[in-house]
Amino acid sequence: MGFDARKDALRLRAGLLLSALALALVFLLVAFRGCRTEWRSHQDAFRELGAVPAGRELGIAQFENCVGEVDRCTTCHLGVTRADLAGEEIPLPFRAHPAPLAHHVKNRVGCSVCHGGTPRALESRTAHAAPGTGRTDPLHRLPHIQASCARCHLPGDRPGMERLKNGARLYLSLGCAICHPLTRGGRGGWDFGTDLRSIGRRSLAYLEASLVDPAANFPQSTMPSFAHTFEKNTEALVDLLIYLESLVLERSGGECNRRTRSQGLAMANCTTCHSGEAGRACGRFEHRCPYILERKDQLDCTRCHPGSMPGPDEHKGFCPVIREHRRGCSACHDGLPEVEGS
Amino acid sequence: MKPSFFSALLSNLRSLPGALRSGLRPGGDPAPALGQRMRRNFIYHLHVLKVSARTLHPLTTLGLGVITATLFFVLVVTGILLMIYYLPTSRQAYESMQDIQYAVALGGFTRALHRWAAHGMVLVILLHLFRVVFTGSYRRRELNWILGIGLGFCTLGLAFTGYLLPWDQLSFWAVSVSTAMLDNVPLIGGCIKSLLLGGEIVSSATLLRFYTLHVALLPAGLLLFLALHFWRIRKDGGLAASATLPEDAKMFPAWPHLVLREAILVLLVLAVVCLVSAFVKAPLGVPLDFHTPGNPEKAPWYFLWVQEAVSYSSVVGGFVFPGLLLFGLLLLPFLEREDRGVGTWFGPRQCRRAVVVALAASVLAFLVFEALFVTAADGLDPLARDLFNPATGMLVLAVAAFVLGGWLTGSTRGAFLSGFVVMLVAVVGFTVMGLLRGPDWVFYLPGEAWPGGI
């Protein structure tokens, strides 16, 4: 056997040295890659912009937002709340937020509540994608970002959510609620019509095709085409899509949202209006709800009850007028209580 | 202050290097030659003094045991680091994984290292098992064979319990699928399942149980078995020491020839696994959604063959086939006691021939069985499905190969090798089939696009 023990021992020592060197090189590489993280290079670039006072340390910026997620977006998006960094000439992760943020900063809304993504992540590819998907979150683009407003706000008269509100209005005026009501777990009196509360997961192309040519996605569909409605008004189509997208978004469980949504949440419960003494309506017919305001004449209780209002005990069943309109309520309010015959 | 204090301290400081050298050594021995011997003594508790050229040859053992031990070391170190950040509650588990992945310095690398080392370890222990079977190295090492099976169980258990901990969509449903396969084991299957899960389904109780198993019970068991495994190697005559070695064979000291070989292998394994982990991220899936399982949901790759076999027939695939395989492996060193050809790949010549024939026949039979089953399975009633499916077919073929191989070669080694080869082809084949399954467990060729969901 050609085995020379002396030579072998020498070769082994050389091999040991080489493999130790190789391992050391790999360790160096790992350390190098570990130090050169994406967020650090962004922070260096931000410093070069002259936007950081000398001597101020940066680092991972994080806070718990109003829905309890940890938001690290401002580690890279360093100028989001800085008025002096507004404008197109400031390069992108550092530019100030283009639209006014109003109370969102004070209320710790953060970025992900509206923009989606993975707010804990510190690499742009992951951070800008819905968790674990690797696909860029579709909520990044305008004007569909308005769908996110519905996570906390009712589609009412606030600046910046006009298109969502118009979408909700279209949902009601086009009669979508007849086959796709949002009460009763999404199913109406008839046993057809897809549950719209999950449809927003589909691509925009799918949703658009479903409205213009319902048979395109589902050959057996009996849904009428809305091509005529949207032929001249493509803006309206986008508004409706925004509304549909908003339905799939998780309603935020944040403190401010609980307050917001509880306003009128009990809509079409007797006590919503009849909370006065002995079931009297509590006074003035005053609402922020655009739906009610538009139908003020039909929904005016004094039409049927010119004198005093009936108390809950006197009432046989539900007010037929309100019952009629409960579908309308469900366009914006979640969790309406079940009512016989609605 | 007195001058004598200063001079004493100064002279002590001067002699500090020498004092450290001799004082920290057990016995305080100043003689270098003896000291070296003491150090070597530790090594000679692991290895015999002299080994043959055969032991030193890389193809004899392929270094699979050393690779496994190195990967286990990596797993312990990275596992302890991950334990510092990981929170084993259903609400926080995924979030803490995200923190480790994105915010902890080198956290993503540590996670990747743990993940790839774990997959590597499972793969290498399987190869280690195949090596021992194919070279007949279980002969006169019965206890170590059983200890090895125990180590295999601990490793698979560790890999499987670790699979759940990210608490993402993939891990949750994979563990749900895998534990559901326990229902096919009669009598004790349901008991084991509820003991493991802490209920009927995977829940936060399961997460805590799996965590405890993963970081305490299974590593403790594995360490115990590992110590015994190493001890038995030394006790049974040393690493890959062949019983049939000629009396006058030239022997070489284990130091440096064997020990340095192992040291180089350890360093290379560390370098490779670190390099892979630096560039390939460990995946972190979509957050868990209890209500919508993906389609298909697959078990981890090392249990995928059982899932595939269960899809043919739950009784045969989930119980009879794996049960017989395990039973055969446990009894192997007690039923096969031939000394001829121990330590040579695939045994003596006629056994080698039997292995080649069994391999060719089983690959061919596997393809035929699968093709027949795909075309005819829909028309079969459940009982016929249990009798006529690829798992039963391969099982029958394995028994036939066992009997024929034994009869034609005239040796028990030939019988067991032929049977084992058929079972191995079946397991590998089922795994490949399982990997290629698409939505609704329909078979798709590699590269063929899966239809999108509804």
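Residues numbered from 1 in each chain as written. Chains lettered and ligands numbered in written order. Predicted model: local features only at pLDDT ≥ 70, side-chain atom pairs only at ≥ 80, totals over all residues.

1. A look at the overall build of chain A
Item 1. Of regular secondary structure, chain A possesses 14 helices and two strands.
Item 2. Within the span of chain A, comprising 342 residues, buried residues form 26% of the whole.
Item 3. Looking at chain A alone, contacts between residues at least 24 apart form 56% of all its contacts between residues at least 6 apart. (Helix = DSSP H or I, 4+ residues; strand = E, 2+ residues; numbered from the N terminus. Buried ≥ 20, exposed ≤ 12 C-beta atoms within 10 Å, placed from the backbone. Contact = placed C-beta atoms within 7 Å.)

2. Quick look at the packing of helix α14 (residues 304–312) of chain B against helix α19 (residues 412–435) of chain B
All names here are of chain B.
Item 1. Packing of α14 against α19 brings their axes to within 8 Å, and their N-to-C directions diverge by 80°. Compared by their axis directions, α14 and α19 come out roughly perpendicular. Between α14 and α19, the residues in contact are Leu304, Trp305, Gln307, Glu308 and Ala309 and Val427, Phe430, Thr431, Met433, Gly434 and Leu435, respectively. (Axes fitted to C-alpha atoms, helices over the stretch in contact; angles between N-to-C directions. Parallel < 35°, antiparallel > 145°, perpendicular 65-115°, else oblique.)

3. A few points about the interface of chain A and chain B
Item 1. On the side of chain B, 29 residues touch chain A, which itself brings 28 residues to the contact.
Item 2. Of the residues that constitute the side of chain A that touches chain B, the class distribution is 17 nonpolar, five polar and six charged. (Nonpolar A, V, L, I, M, F, W, Y, C, P; charged D, E, K, R; others polar.)

4. Thoughts on the environment of valine 280 of chain B
All names here are of chain B.
Item 1. With respect to the secondary-structure elements, valine 280 resides in the loop between α13 (254–279) and α14.
Item 2. Along the chain, valine 280 and alanine 112 lie 168 residues apart, while their C-alpha atoms are 7.2 Å from each other.
Item 3. For valine 280, the residues in contact, after removing those within four places along its chain, are Ala112 and Trp116.

5. Here's the deal with the domain arrangement of chain B
Residue and element names in this part refer to chain B.
Item 1. Each assigned domain of chain B is listed with its residue range as follows: domain 1 (47–239 + 246–294) and domain 2 (310–449).
Item 2. Centre-to-centre separation of domain 1 and domain 2, based on C-alpha positions: 25 Å.
Item 3. Opposite the 14 residues of domain 1 that make contact, domain 2 presents 21 residues.
Item 4. A per-class count over the side of domain 1 that touches domain 2 returns eight nonpolar, four polar and two charged. (Domains from an automatic or database assignment.)

6. Examining helix α5 (residues 162–173) of chain A
All names here are of chain A.
Item 1. Taking 1.5 Å of rise per residue, 12 residues should cover 16 Å, and α5 covers 16 Å from first to last C-alpha, within 8% of that figure.
Item 2. Those residues of α5 that are buried are in contact with α6 (176–179), α9 (234–248) and α12 (290–294).
Item 3. At the C-terminal side of α5, glycine 175 shows a positive phi close to 80°. (Expected span 1.5 Å × (residues − 1).)

7. A few points about the confidence of the model for chain B
Item 1. The pLDDT averaged across chain B works out to 89; a share of 93% of its residues lies at or above 70.
Item 2. Scoring the predicted complex yields pTM 0.83 and, for the interface, ipTM 0.84. (pLDDT = per-residue confidence, 0-100.)

8. Brief notes about the nonpolar core
Item 1. In terms of nonpolar packing, the biggest core is built from 99 residues, with Leu71, Met121, Met394 and Val422 of chain B touching the most fellow members.
Item 2. With 13 residues, α19 of chain B is the largest single contributor of residues to this core.
Item 3. Of the domains in this structure, domain 1 (47–239 + 246–294) and domain 2 (310–449) of chain B are the two that each give at least three residues to this core.
Item 4. Those residues within four positions of methionine 121 of chain B in sequence are excluded, and the remaining contacts are Thr68, Leu71, Phe72, Leu75 and Thr155 of chain B.
Item 5. Membership of the second largest hydrophobic core comes to 38 residues, among which are Ala147, Leu154, Leu170 and Ala331 of chain A. (Core = buried A, V, L, I, M, F, W, Y, C linked by C-beta atoms within 7 Å.)

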